[in-house]
Amino acid sequence: MIFRQLFDPQSSTYTYLLGDRDNGEAVLIDPVFEQVRRDAALIDELGLRLLATLETHVHADHVTGAWLLKRRTGSQIMLAAASGAEGADRYLVEDDVVAFGGRRLLVRATPGHTNSCVTYVLDDHSMAFTGDCLLIRGSGRTDFQQGDATAMYRSIHDRIFSLPDDCLLYPAHDYRGLTATSVAEERRFNPRLGGDIAVGDFTGYMKNMRLAHPKLIDVAVPANLRCGRPENETGPATDPMWAPLHFTFAGIWEIDPHGLEEHAAEVQILDVREPDEFIGPLGHIPGAILIPLGELTGRTGELRHDRPIVAVCRAGSRSAQAISILQQNGFIDIANLTGGMLRWRAEAHPVEGGSS
Ligand SMILES: N[C@@H](CCC(=O)N[C@@H](CS)C(=O)NCC(=O)O)C(=O)O
Ligand SMILES: [Fe+2]
């Protein structure tokens, strides 16, 4: 199985990608709206096909990426029937099975943080995705969205601690940089409800947490009750239209040599190699502007803001760094030439200078 844990630093949310290596079917648990482009790029780069997005609950602190991913990839939206959300393709109930390739996730109701929280348990009980029910050495809060500390204690003890000791547990958030835990670890070390801590101790703890409400609660809850569909349906700014670009998991827009040759007349081609490379055996793209990477920060004034920029180097890595320098300097329409001059030449696009 392919497994990836992804993080949204804004809301400290974990998104989980699970894919079947054999037939490429994948699911994404708890995608975040602002990270959809990143997640879609990873799914693409790993050669996976997104079957479904699964929510562990109606989030109060960020908007789900479910609707956006459906629009982008055709994935099905799945979440608990008890959520009351509109716009899902499948409403899940206790013991439902979500299959991807030869693998399955099993649905367990684990109310407490909200009344409709679920935990997804992998078929062989080696992993479970606990949402905001059990957090690492903690638990989700229980003071809004029909939260109920007694129900949470029961969910964790009866539905999560009943999994095998070595079952790995993956929460929807961690605010301290922790990534995963196990049933045995939490039974022993969870300071709120591990060891001999009784339900009354836990509810007393939860009653006195006094956390401020999530900053985005008034936006996130209504949006998540629509599975992340924006009210005006347009979604975020559309992908750049000035050339056929693709977005990489590394977070960069790239253009391939063929696309650049077609659009060469409309863009500024920025070569960030050293001067001796520019006139060396690889040659350079006709019309390219030479600004070596080390000088770029001080020379961005030589570039126009009203024309897209394609950064070029030998193999594509220095130019990727140039992209981030340009971003920091307020340039918007920028892309990296995939594979740099090496690929440009290998695909026989026109060069100035260089040896044949
Ligand atoms: N400061 C965060 C608060 C996040 C928050 O309240 N998270 C919920 C999960 S949606 C929680 O259960 N937090 C537990 C905790 O902070 O201990 C924000 O504004 O978004
Ligand atoms: Fe939550």
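Here the residue numbering is sequential within each chain, running from 1 through the sequence in written order. Here chains are named by letter from A upward and ligands by number from 1 upward, in the order in which they appear as written. Local features in this predicted model are restricted to residues whose pLDDT is 70 or higher, and side-chain atom pairs enter the listing and the counts only when it is 80 or higher, whereas totals over whole chains, interfaces and linings include all residues. Side-chain numbers come from the whole structure's heavy atoms, not from hydrogens or water.

Student: Describe the overall build of the protein chain, listing the residues and the values that go with them.
Tutor: Helix and strand assignments follow DSSP, with helices taken as H or I runs no shorter than four residues and strands as E runs no shorter than two, numbered in order from the N terminus. Along its length, the protein chain carries 11 helices and 20 strands. For the C-alpha atoms alone, the extent of the protein chain along its principal axes is close to 80 × 45 × 40 Å. Remark: exposure states derive from per-residue accessible area (1.4 Å probe, protein chains only) relative to the maximum for the residue type, with buried under 20%, exposed over 50%, and partly exposed in between. Here the protein chain holds 356 residues, and 53% of them are scored as buried. By definition, residues are in contact when any of their heavy atoms lie within 4.5 Å. In the protein chain, the proportion of contacts linking residues at least 24 apart, taken out of those at least 6 apart, comes to 63%. Here, Shrake-Rupley sampling with a 1.4 Å probe gives the accessible areas, and only protein chains in the shown set may cover a residue. A total of about 15900 Å² of accessible surface is found on the protein chain, and carbon and sulfur atoms cover 51% of it.

Student: I'd love a proper account of the side chain of Thr 338, names of residues and values included.
Tutor: Assignment of secondary structure puts Thr 338 in the loop between strand S20 (334–337) and helix H11 (340–346). With relative accessibility at 14%, the residue Thr 338 sits in the buried group. We define a polar contact as two N or O atoms separated by no more than 3.5 Å, with the added condition that, inside protein, one atom must be a possible hydrogen donor and the other a possible acceptor, whereas residues neighbouring each other in sequence contribute only through side-chain atom pairs. Among the polar contacts listed, one links the side chain of Thr 338 to the side chain of Glu 254, at a separation of 3.2 Å. With sequence-adjacent residues up to four places away left out, Thr 338 is seen in contact with His 246, Glu 254, Ile 255, Asp 256, Pro 257 and Arg 343.

Student: Let's hear about the sheet that holds strand S10 (residues 127–131): which residues, and what values?
Tutor: Pairing is mixed in the open sheet, where six strands are placed in the order S7-S8-S9-S10-S13-S14. Of all strands in the sheet, those bounded by a partner on one side alone are strand S7 (97–100) and strand S14 (181–182). Note on pairing: two strands pair once DSSP finds at least 2 bridges between them.

Student: Describe in detail the coordination of the iron ion (ligand 2), supporting the description with residues and values.
Tutor: A 2.8 Å cut-off from the metal defines N, O and S donors, relaxed to 3.2 Å for Na, K and Ca; water is not in the atom list, so some sites may appear incomplete. Binding of the iron ion (ligand 2) to the protein goes through His 57 (NE2), His 113 (NE2) and Asp 132 (OD), at separations of 2.0 to 2.3 Å. Each of the four donor atoms around the iron ion (ligand 2) contributes to a set of angles spanning 89 to 165 degrees, which defines the coordination as irregular. The sequence motif formed by the donor residues of the iron ion (ligand 2) is H-x55-H-x18-D. Remark: Asp 132 occurs in the loop between S10 and strand S11 (134–135) and His 113 occurs in the loop between strand S8 (103–109) and strand S9 (118–122); sequence separation between them is 19 residues. The exposure class of His 113 is buried, given its relative accessible area of 5%. Square planar and octahedral assignments, for four and six donors respectively, both demand that opposite donors be over 155 degrees apart and that all other angles lie between 65 and 115; tetrahedral needs four donors with all angles between 85 and 135 degrees, and anything else is irregular.

Student: Any chance you could break down unusual backbone geometry for me, citing the residues and the numbers?
Tutor: Notably, His 125 is not glycine yet its phi reads approximately 60 degrees, a positive angle. Within the secondary structure, His 125 sits in the loop between S9 and S10. Backbone geometry places Arg 210, a non-glycine residue, at a positive phi of 50 degrees. Take Arg 210: it is sitting in the loop between helix H5 (199–207) and helix H6 (217–224). Take Arg 210: its relative accessible area is 68%, and that puts it in the exposed class.

Student: So what's going on with the site of ligand 1? Residues and values would help.
Tutor: Neighbouring residues of ligand 1: Asp 61, His 113, Asp 132, Gly 140, Arg 141, His 173, Tyr 175, Arg 192, Met 209, Leu 211, Pro 214 and Lys 215. Between a nitrogen atom of ligand 1 and a side-chain N or O atom of Tyr 175, the distance comes to 2.8 Å. Burial of ligand 1 by the protein amounts to 80% of the accessible area it has alone, namely 510 Å². Put plainly, a pocket is an open set of points on a 1 Å grid over the protein atoms alone with protein on both sides within 12 Å along at least five of seven lines, a cavity is a set where a 1.4 Å probe fits but cannot get out, and a lining residue has an atom within 4 Å of a point. A cavity or pocket is said to hold a molecule if more than half of that molecule's atoms lie within 2 Å of its grid points. Its atoms largely coinciding with the cavity grid, ligand 1 occupies the largest pocket. A single heavy atom is enough: if one lies within 4 Å of a molecule or strand, its residue is considered near that molecule or strand.

Student: How would you sum up the pattern of salt bridges? Please name residues and give values.
Tutor: A side-chain nitrogen of Lys or Arg and a carboxyl oxygen of Asp or Glu constitute a salt bridge if their distance falls within 4 Å. Considering all chains together, one arrives at 20 salt bridges under this definition. Its salt-bridge partner being Asp 239, residue Arg 72 comes within 3.6 Å of it at the nearest N-O pair. Taken as a pair, Arg 72 in helix H2 (residues 66–73) and Asp 239 in the loop between H6 and strand S15 (245–247) lie far apart in primary sequence, 167 residues in all. Taking the relative accessible area as the measure of exposure, Asp 239 reaches 27% and is therefore partly exposed. For Asp 306, the salt bridge goes to Arg 304, with nearest N and O atoms at 3.0 Å. Overall, Asp 306 belongs to the exposed group, its relative accessible area being 58%. Looking at Arg 304, the relative accessible area reads 45%, which means it is partly exposed. Several salt bridges share partner residues, and in doing so they unite Arg 37, Arg 72 and Asp 239 into one network.

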